[in-house]
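# Overview (structure and organization)
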Amino acid sequence: MLRLDTLVITQDDFRLTADFSVAAGARVAVIGPSGAGKSTLLSVIAGFYPAASGRVLWNGADITRQPPARRPLSILFQDQNLFPHLTVAENVGLGLRPDLRLSPAERAAVTRALERTGLAGLEARRPARLSGGQQSRVALARALLRARPLMLLDEPFAALGPALKAEMLDLVAEIAAETGATVLMVSHDPDDARRFAPETIVVAGGIAHPPRPTAALLDSPPPALAAYLGK
Amino acid sequence: MADRAQPLSRGLGAGAGIAATLILALTLGTLGAVIHRAGGFGSLGPADWAALRFTVTQAALSAALSLLLAIPVARALARRRFPGRGVLITLLGAPFILPVIVAVMGILAIFGRAGLLNDALAALGAERVSIYGLSGVVLAHVFLNLPLAVRLLLQGWRGIPAERFRLAAALGFSSTDISRHLERPMLRALGPGIFVTIFLICLTSFAVALTLGGGPKATTVELAIYQAFRFDFDLGRAAQLASLQLALCAAATLAAARLTLPAGFGAGLDRALARPDAATLPLKLQDAAAISVASLFLLAPLAAVILAGLPRLATLPAPVWEAALRSLLVALASTLLALLLALPLALAIARTKGRLLETIGMLPLATSALVIGTGLFLLLRGLASPAALALPVTAAVNAVMALPFCLRALIPAARDLETDYGRLAESLGLSGAARLRHLTLPRLRQPLGFAAGLTAALSMGDLGVIALFADAERATLPLQLYRLMGAYRMADAAGAAVLLLALSLALFWILDRGGRADAQA
Amino acid sequence: MRHSLMIAGLLCATTAAAQDKPVLTVYTYDSFVSEWGPGPQVEAAFEAECGCDLNFVASGDGAALLARVLLEGDSTEADIVLGLDTNLTAKAAESGLFAEHPALDVNWSLPVDWADPIFVPYDWGQFAFVYDKTKTETVPTDFEALAASDLTIVIEDPRSSTPGLGLLYWVKQAYGERAPEVWAGLADNVVTVTPGWSEAYGLFLEGEADMVLSYTTSPAYHLIAESDDTKAAAPFTEGHYLQVEVAAKLAGTDQGALADRFLAFMTSDAFQSIIPETNWMYPAVTPAAGLPKGFETLIRPEKSLLYSATEAAAIRDAALAEWQTALSR
């Protein structure tokens with residue numbers, strides 16, 4: 001279970017508070033107006049940006065001060081999820097061992113993860129020679145391999161077409177189901193939220209609200225969300 | 001969120017600390033030794049202030065002109081592909097690594113009173129022009145430093161991801177639009193640093209300023225330091241002048257840092273560059289003109305040097321070849337040391353927000369060779385005989401003297417590396433040796449190769465401190481060249497100059513090439 | 001760093017020698033010890049007779065040499081310093097680091113009387129403007145004629161080079177109060193002022209100027225080493241300023257007897273006959289065999305100018321200021 005305990009995030013004159021829990025294995029969308037602090041919230045959870053006060057807890061353990069790689073999570077950024085000078089296999093292998101000294105078993109695991117994400121045979125390619133969808137799959141393959149209990153998606157599929165994005169979200173859902181991971185996904189698209197996330201966190205007006213059932217929330221949105229949704 | 005400060009890992013912190021300490025020891029430490037020996041500062045007279053004025057004026061003019069002229073040349077080289085381009089880029093870099101006296105002779109063969117230009121003017125019935133004076137000093141400094149400016153800017157152009165040019169092309173950007181949206185931010189990010197680097201190089205100019213300056217009007221601070229050391233034996237005054245130079249260095253570096261704006265292009269996927277915007281005829285002509293004029297300006301004096309020396313190359317006396325071998329070894333040792341120092345320093349500078357480390361990294365540029373030599377002499381005298389230390393000390397000093405150039409090449413790339421991949425690396429726990437091997441080295445390969453080549457070539461051609469320490473058996477090639485000149489053997493000296501030029505260029509080419517040989521499939 | 005030390009170790013392995021022979025350490029300027037200077041031959045000749053190891057330590061030019069000895073002070077390892085000239089001896093003597101030399105029974109062939117208790121001369125030369133006979137037909141016979149002519153000259157800076165300083169004293173001694181006037185007249189003939197002799201001579205050979213400040217002996221190099229008789233030195237009626245190069249023993253030497261022996265050797269034929277064709281200067285004592293063939297073609301100015309060391313030191317700053325003012329216009 002992820003718990004944000006009276007978390008306060010400040011950045012210049014920006015301020016965001018969060019105080020709620022997300023159940024283990026939940027799939028949660030994070031939506032809200034541009035600039036409301038969705039990405040910042042994920043950055044704090046992932047450990048790239050320090051919270052002004054409050055705590056981030058995972059299964060009761062305080063991870064507020066842990067460096068990003070030690071936290072029980074994988075994060076997919078909007079872009080720059082891959083190193084362009086490394087091959088697909090190496091990019092994925094980094095998820096197992098950052099020094100890339102992979103054992104035969106680990107190599108096999110990399111191959112399996114690539115197969116699982118539909119990338120079989122592309123091991124030796126470099127990212128520049130992959131399509132956008134394939135690049136996303138490589139990042140997902142790595143997340144699959146790392147099998148961390150929490151996955152943070154900071155709009156990694158925003159650049160993909162609707163069909164491709166849907167495909168990716170299905171893949172994320174499958175992976176999350178396989179690994180039992182909790183997923184937090186920033187999104188702009190209410191349809192994504194409906195499709196992927198039973199629950200949704202609304203970030204607006206300086207507050208990250210506790211997760212609520214997505215369908216109900218979108219059908220009768222509170223005022224801040226209504227403005228954003230154009231309803 | 002790129003501005004979040006990151007703690008330095010222990011290894012990186014230690015590496016940067018050692019590098020900074022070594023630089024401080026060689027710059028402020030040697031100066032301190034001289035001040036200690038002098039028992040304090042001396043007093044400066046009006047002549048010293050006049051020298052300071054002239055020094056700053058010529059350095060500022062030289063730096064501004066080098067940078068301005070480098071822009072069209074680097075842009076043309078960046079957006080054109082033609083056979084022999086790689087070789088041309090290497091050759092254009094040659095003047096920067098020439099020993100000063102050789103460069104001066106080359107310049108005079110073209111622009112001197114008896115040079116080709118004046119012969120041509122005379123043949124056309126025009127007045128002969130004299131370059132001696134401020135114009136000659138600036139001309140020579142531009143000749144020596146334009147190559148550095150071009151190379152550093154070229155790195156800047158390479159640093160703009162092809163994706164941004166592709167986007168520009170998709171949006172129908174004209175070259176003017178590209179210049180405004182892509183090139184100007186890049187120039188804003190690199191220009192101040194390049195300007196200050198060249199300004200500082202010219203600040204400590206001695207032989208060029210004096211030889212081409214035409215007389216005592218062109219007195220530089222470095223000459224005043226020389227005079228104080230050698231003819232007045234006034235260490236206090238020398239130390240004070242040297243402190244003035246270092247203060248100027250620190251001020252200029254900090255000012256440049258304030259003017260520098262990060263370009264923030266983001267990362268690309270290392271795709272090949274295509275520039276449809278530049279396919280118009282006027283632009284092709286403009287680029288062709290920029291490349292031709294720069295080539296003529298930079299290569300004609302080189303050709304003169306080569307023509308003068310080639311006939312004697314084969315018959316150079318044995319000590320010259322021995323010195324060449326010695327210089328090669330010193331250059332390789334310098335290069336290794338410089339990279340070991342520059343890499344942690346550049347990474348630490350990229351990850352911290354303060355300007356202290358960066359300023360320390362620039363100090364060697366403004367340090368008088370005489371102060372380093374004398375200070376080291378005072379510091380090391382008790383440890384071993386100066387002659388025994390000659391080569392290791394030369395290698396170490398050459399490495400530190402080359403550090404500012406290495407840092408110029410590495411810092412922008414290291415910053416981009418941090419901005420683009422810092423978070424991803426952190427999220428994956430990529431650190432220590434793994435990070436070095438799988439992220440830092442491959443991503444910094446180009447600037448590292450360039451820095452290595454530059455250090456090796458500079459070390460090859462540097463007279464530096466060896467003259468204070470070496471004895472007959474440990475002469476380096478530049479020292480041997482000066483010895484030949486001092487023994488009237490100007491023709492042999494010209495031959496040695498060609499050997500020196502060839503070796504420096506070869507070293508530069510191999511190492512720089514190593515950085516560019518692309519790992520891309 | 002360890003790497004470079006290792007390389008240095010390899011490089012000096014050939015020269016390191018643990019010998020029981022006494023070692024005489026002679027500090028000198030760089031060009032003396034180069035392959036083309038007198039050093040190698042002098043070392044061989046002295047070691048053949050002294051049963052010792054002669055160790056040359058080089059640093060820069062004469063001024064750098066003195067600067068180094070002054071920096072090292074009492075703790076210097078030098079037994080002998082060889083390569084100062086009369087412009088530097090006042091400062092050297094003042095330091096108290098040098099000892100008097102033993103009585104020498106020598107028939108000096110210097111153009112001036114020599115009776116210095118500390119410094120022993122080993123060669124000398126006269127400064128002169130050197131030109132190319134095939135290019136310059138009308139040769140000036142004094143500074144005023146030079147100033148009045150259209151001839152271009154390249155000179156060395158008195159603040160960084162010995163010949164430059166020599167020229168400063170030359171004009172000062174020849175013209176006294178009128179020196180600034182002469183310099184003002186010369187200003188338009190001066191193409192440029194170089195940091196040292198090598199740069200100036202190189203510029204002259206490249207054709208950048210009609211004449212260069214060098215030595216009366218310079219043409220001998222071209223004649224003897226290159227069979228080129230086109231270079232000549234212009235005789236000036238005011239006389240020519242003299243440069244006398246000297247050596248002296250350090251007061252703190254632990255090889256006093258050997259040092260004295262070296263100073264005596266320095267005035268012998270064995271040493272002196274090496275000088276003309278390596279240092280391209282006149283030997284302080286003409287060897288029995290005379291000067292090498294070719295030297296007889298050189299001009300031999302009757303009149304030599306030379307300030308005593310103390311005079312030179314006393315007038316230096318004023319003369320320098322005059323020079324700087326006149327040439328800065």
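Because the structure is predicted, anything quoted here is derived from the model rather than measured. (Residues numbered from 1 in each chain as written. Chains lettered and ligands numbered in written order. Predicted model: local features only at pLDDT ≥ 70, side-chain atom pairs only at ≥ 80, totals over all residues. Heavy atoms only, no water.)

### Description of the overall build of chain C
In terms of regular secondary structure, chain C is built from 13 helices and 12 strands. A compact globule built from 329 residues should have a C-alpha radius of gyration of about 20 Å, and chain C, at 21 Å, falls within 12% of that. Contacts in chain C between residues at least 24 apart in sequence constitute 77% of all its contacts with a sequence separation of at least 6. Within the structure as shown, chain C displays about 12400 Å² of accessible surface, and the carbon and sulfur contribution to it stands at 49%. Each charge class in chain C can be summarised by its mean position, and for the 17 positive and 47 negative side chains these summaries are 2 Å apart. (Helix = DSSP H or I, 4+ residues; strand = E, 2+ residues; numbered from the N terminus. Rg over C-alpha atoms; globule rule 2.2 N^0.38 Å. Contact = heavy atoms within 4.5 Å. Areas by Shrake-Rupley, 256 points an atom, 1.4 Å probe, with all protein chains shown as cover. Lys, Arg positive; Asp, Glu negative; His and termini not counted. Charge placed at Lys NZ, Arg CZ, Asp CG, Glu CD.)

### Topic: the interface of chain B and chain C
Counting residues at the interface gives 64 residues for chain B and 64 residues for chain C. Contact between chain B and chain C buries roughly 5600 Å² in total, counting both sides, with carbon and sulfur atoms accounting for 65%. When the buried surface of chain B facing chain C is broken down by residue, Pro216(B), Phe231(B) and Tyr488(B) rank first, second and third, together holding 16% of it. Linking chain B with chain C are two salt bridges, by the criterion used here. Its salt-bridge partner being Arg316(C), residue Asp232(B) comes within 2.3 Å of it at the nearest N-O pair. Here chain B is connected to chain C by 13 residue pairs in polar contact (both at pLDDT 80 or more). When contributions to the side of chain B that touches chain C are tallied by element, the ones reaching two or more residues are helix H5 (100-111), helix H10 (207-213), helix H11 (221-230), helix H14 (318-351), helix H16 (369-380), helix H17 (386-427), helix H20 (466-469) and helix H21 (477-486) of chain B. (Buried area = accessible area lost by both parts, 1.4 Å probe. Salt bridge = Lys/Arg side-chain N within 4 Å of Asp/Glu carboxyl O. Polar contact = N/O pair within 3.5 Å; in protein donor to acceptor, adjacent residues only side chain to side chain.)

### As for the nonpolar core
Core analysis: the biggest nonpolar cluster contains 238 residues, and Phe98(C), Phe129(C), Ile155(C) and Phe262(C) have the highest contact counts within it. The greatest single-element share of this core, amounting to 13 residues, is contributed by helix H7 (residues 134-159) of chain B. Here Ile155(C) is in contact with Phe129(C), Leu167(C), Trp183(C), Val190(C), Thr192(C), Val193(C), Thr194(C), Leu213(C), Trp323(C) and Leu327(C), once residues within four sequence places are set aside. Phe48(A), Leu100(A), Ala350(B) and Leu407(B) belong to the second largest nonpolar core, which has 82 residues in total. (Core = buried A, V, L, I, M, F, W, Y, C linked by side-chain atoms within 4.5 Å. Buried < 20%, exposed > 50% of the residue type's maximum accessible area, 1.4 Å probe, protein only.)

### Describing H11(B)
By the criterion of burial, H11(B) is predominantly enclosed, with 10 of the 10 residues buried. Where H11(B) is concerned, the buried positions are Val221(B), Glu222(B), Leu223(B), Ala224(B), Ile225(B), Tyr226(B), Gln227(B), Ala228(B), Phe229(B) and Arg230(B).

### Brief notes about the domain arrangement of chain C
All names here are of chain C. As far as domains go, chain C holds domain 1 (2-124 + 244-295) and domain 2 (125-242 + 299-328). On a C-alpha basis, the centres of domain 1 and domain 2 stand 27 Å from each other. In this assembly, 18 residues from domain 1 lie in contact with 24 residues from domain 2. For the pair domain 1 and domain 2, the summed buried surface comes to about 1700 Å²; carbon and sulfur atoms form 67% of the total. Interface area lost by domain 1 to domain 2 is led by Asn87, Trp280 and Tyr282, which between them contribute 35%. Viewed at the interface, domain 2 and domain 1 are joined by zero salt bridges. Our count for the domain 1 to domain 2 interface comes out at one residue pair in polar contact (both at pLDDT 80 or more). Among the residues forming the side of domain 1 that touches domain 2, the class breakdown is 10 nonpolar, four polar and four charged. (Domains from an automatic or database assignment. Nonpolar A, V, L, I, M, F, W, Y, C, P; charged D, E, K, R; others polar.)

### With respect to the state of the cysteines
Here, the word disulfide means a covalent bond between the sulfur atoms of two cysteines. Tallied over the entire structure, the rule returns one disulfide over all chains. The structure places no disulfide on Cys249(B), whose sulfur is separated from the nearest cysteine sulfur, that of Cys202(B), by 13 Å. (Disulfide = S-S within 2.5 Å.)

### Notes on the domain arrangement of chain B
All names here are of chain B. Considered domain by domain, chain B is made up of domain 1 (1-40 + 314-521) and domain 2 (41-306). One C-alpha centre belongs to domain 1, the other to domain 2, and the line joining them spans 20 Å. Counting residues at the interface gives 49 residues for domain 1 and 50 residues for domain 2. In total, about 4400 Å² of surface goes out of reach between domain 1 and domain 2, with carbon and sulfur atoms giving 72% of it. When the buried surface of domain 1 facing domain 2 is broken down by residue, Ala366, Leu370 and Leu501 rank first, second and third, together holding 13% of it. Taken together, the connections running from domain 1 to domain 2 amount to one salt bridge. Inspection of the domain 1/domain 2 interface yields three residue pairs in polar contact (both at pLDDT 80 or more). Secondary structure elements with two or more residues in the side of domain 1 that touches domain 2: helix H1 (10-38), helix H15 (356-362), H16, H17, helix H19 (445-461), H21 and helix H22 (490-516). Looking at which element gives the most residues to the side of domain 1 that touches domain 2, the answer is H22, with 10 residues.

### A look at the pairing of strand S9 (residues 199-204) of chain A
Residues and elements named next belong to chain A. Within S9, five of the six residues are buried, which leaves the element mostly enclosed by the surrounding structure. In the sheet, strand S3 (residues 27-31) pairs with S9 via four bridges, with the strands oriented parallel. Across the sheet, Val28 pairs through a bridge with Glu199, a residue of S9. One ladder, built from two bridges, connects S9 with strand S11 (residues 212-213); its direction is antiparallel. Bridge pairing in S11 places Thr200 opposite Arg212. In terms of strand pairing, S9 meets strand S10 (residues 207-208) through two bridges, oriented antiparallel. When the bridges of S10 are listed, Val203 appears paired with Ala208. Linkage of S9 to S10, two consecutive antiparallel strands, is achieved through a turn of two residues, within which Gly205 is found at a positive phi near 60°. (Pairing = 2+ DSSP bridges.)

### Examining the pattern of salt bridges
Residue and element names in this part refer to chain B. One pass over the structure, following the stated rule, counts 35 salt bridges over all chains. Across the salt bridge formed by Arg435 and Glu418, the nearest N and O atoms sit 3.1 Å from each other. Within this pair, whereas Arg435 is found in helix H18 (residues 432-443), its partner Glu418 is found in helix H17, the two being separated by 17 residues in sequence. Glu418 shares its class with Arg435; the two are buried.

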